[in-house]
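# Chain and residue survey
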Amino acid sequence: MSQVKICGLRRPEHISAAAEAGARYVGLVFFPNSPRAVSVDEAVMLAPLVPVGVARVGLFVDPDDALLDEVVARVPLDVIQLHGSESPDRVAAVKALTGLPVMKAVGLSDASDLPALTDYGLVADMLLVDAKPPRDADLPGGNGLSFDWRLLVGRKWLRPWMLAGGLTAQNVAEAIRLTGAPAVDVSSGVEAEPGLKDEGLIRAFIAAAS
Ligand SMILES: O=C(O)c1ccccc1N[C@@H]1O[C@H](COP(=O)(O)O)[C@@H](O)[C@H]1O
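For the chain, the name recorded in an unreviewed UniProt entry is N-(5'-phosphoribosyl)anthranilate isomerase, with Paracoccus aerius as its organism. Word for word, the UniProt comment on the chain under Catalytic activity (unreviewed entry) is "N-(5-phospho-beta-D-ribosyl)anthranilate = 1-(2-carboxyphenylamino)-1-deoxy-D-ribulose 5-phosphate". According to the UniProt record, the Sequence similarities (unreviewed entry) comment for the chain is "Belongs to the TrpF family."

As structure tokens, then:
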């Protein structure tokens, strides 16, 4: 049984659906270019609705210190997700600045991308293994694209990790079987359209991953 993170939640009813279905993490996106972005004011309203026992993850893409300071001061978060091109030194700096555990996303397209997981495992608290975005993508993640899961067979890292990228209720069980992922993260795969979550898809995904 793998833990589940539902990312990109923007409505109270979707937070409730995810928590009731057994999500262990929920993600709030602080990246303005995303169709799932929330303002700091919206996050101030949403974060307290997350039940105890469900971790609140704030997703950032190459954030500056001012944004991190503002969000951490106003929004109760449990984990920072860095999903941009942050260096290992920047990951360490964000940990120090926020005082929160940091999960670093690493994009994979082929075996040459694997060493980055070892490098980030030295500084991040958790790793998020995602598909590398296409060169012309508007978003560095959340594109509903998967990668060749066989790249991960037999791999071990220094830190706990999550699998992401194009997961759906239809493919998540096979992804877990193949990779042994202890946790999985989904955004597009539980949406009716970009940025609009669907309660039925959230429940079906969590049931399929559990
Ligand atoms: O969800 C977003 O909009 C997003 C924006 C910028 C960076 C990452 C984003 N989401 C993360 O991307 C992966 C994969 O998502 P998907 O299931 O393929 O849509 C996941 O870790 C999300 O947290």
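## What about the overall build of the chain?
Helix and strand counts for the chain stand at seven helices and 10 strands. At 16 Å, the chain has a C-alpha radius of gyration in line with the 17 Å of a compact globule built from 210 residues. When the backbone C-alpha atoms are referred to their principal axes, the chain occupies close to 40 × 40 × 35 Å. Buried residues in the chain amount to 43% of all 210 residues. In the chain, the proportion of contacts linking residues at least 24 apart, taken out of those at least 6 apart, comes to 56%.

## Things to note about the nonpolar core
Residues Ile 6, Val 129 and Val 184 are the most contacted members of the largest nonpolar core, which totals 63 residues. Take this core: its biggest share by element is five residues, from strand 5 (residues 102–108). Leaving out residues up to four positions away in the same chain, Val 129 has contacts with Val 106, Leu 108, Leu 117, Leu 152, Trp 161, Leu 163 and Ala 164.

## Structural notes on unusual backbone geometry
The backbone of Asp 62 shows a phi angle near 45 degrees, a positive value even though the residue is not glycine. Here Asp 62 shows up in the loop between strand 3 (55–60) and helix 3 (65–74). By the C-beta count within 10 Å, which is 13 here, Asp 62 ends up partly exposed.

## Remarks on the confidence of the model for the chain
Looking at the chain, pLDDT values average 97 and 100% of them are 70 or higher. ipTM for the predicted complex: 0.98, alongside a pTM of 0.97.

## Considerations on the UniProt feature "domain: N-(5'phosphoribosyl) anthranilate isomerase (PRAI)" (unreviewed entry) in the chain
The UniProt feature table records "domain: N-(5'phosphoribosyl) anthranilate isomerase (PRAI)" (unreviewed entry) at residues 4–207. In this annotation, residues 4–207 is assigned 30% helix and 21% strand; the end-to-end C-alpha distance for the span is 10 Å.

## A few points about the packing of helix 6 (residues 172–179) against helix 7 (residues 199–209)
A packed helix pair is summarised by two numbers, namely the angle formed by the two axes and the spacing between the axes. Contact pair helix 6 / helix 7: the axes reach a minimum separation of 8 Å and the direction vectors enclose 30 degrees. As the angle between them shows, helix 6 and helix 7 are arranged roughly parallel. For the pair helix 6 and helix 7, the crossing hand works out as right-handed. In this structure, helix 6 uses Val 172, Ala 173 and Ile 176 to contact helix 7, whose residues at the interface are Phe 205, Ala 208 and Ala 209. In terms of residue class, the contact of helix 6 with helix 7 is made up of six nonpolar, no polar and no charged.

## A look at the site of the ligand
Around the ligand, the structure places 28 residues, and the nearest of them are Cys 7, Ser 34, Gly 141, Gly 142 and Ser 188. If you list the elements that add at least two residues to the shell around the ligand, you get strand 2 (25–29), strand 6 (126–131) and strand 8 (183–186). The residue makeup of the shell around the ligand, split by class, is 12 nonpolar, 13 polar and three charged.

## Re helix 6
Every buried residue of helix 6 is accounted for by Val 172, Ala 175, Ile 176 and Thr 179. Projected onto a plane normal to the axis of helix 6, the buried residues spread over an arc of 95 degrees and lie on a single side. Across helix 6 from its buried face, at more than 90 degrees, point the exposed residues Glu 174 and Arg 177. Elements that come into contact with the buried residues of helix 6 comprise strand 7 (161–163), strand 8 and helix 7.

Parameters and conventions
Residues numbered from 1 in each chain as written. Predicted model: local features only at pLDDT ≥ 70, side-chain atom pairs only at ≥ 80, totals over all residues. UniProt positions renumbered as here; feature names shortened; annotations may be inferred. Helix = DSSP H or I, 4+ residues; strand = E, 2+ residues; numbered from the N terminus. Rg over C-alpha atoms; globule rule 2.2 N^0.38 Å. Buried ≥ 20, exposed ≤ 12 C-beta atoms within 10 Å, placed from the backbone. Contact = placed C-beta atoms within 7 Å. Core = buried A, V, L, I, M, F, W, Y, C linked by C-beta atoms within 7 Å. pLDDT = per-residue confidence, 0-100. Axes fitted to C-alpha atoms, helices over the stretch in contact; angles between N-to-C directions. Parallel < 35°, antiparallel > 145°, perpendicular 65-115°, else oblique. Left-handed = near helix turned anticlockwise from the far one by under 90°. Nonpolar A, V, L, I, M, F, W, Y, C, P; charged D, E, K, R; others polar. Near = placed C-beta within 6 Å. Arc of directions from axis to C-beta.

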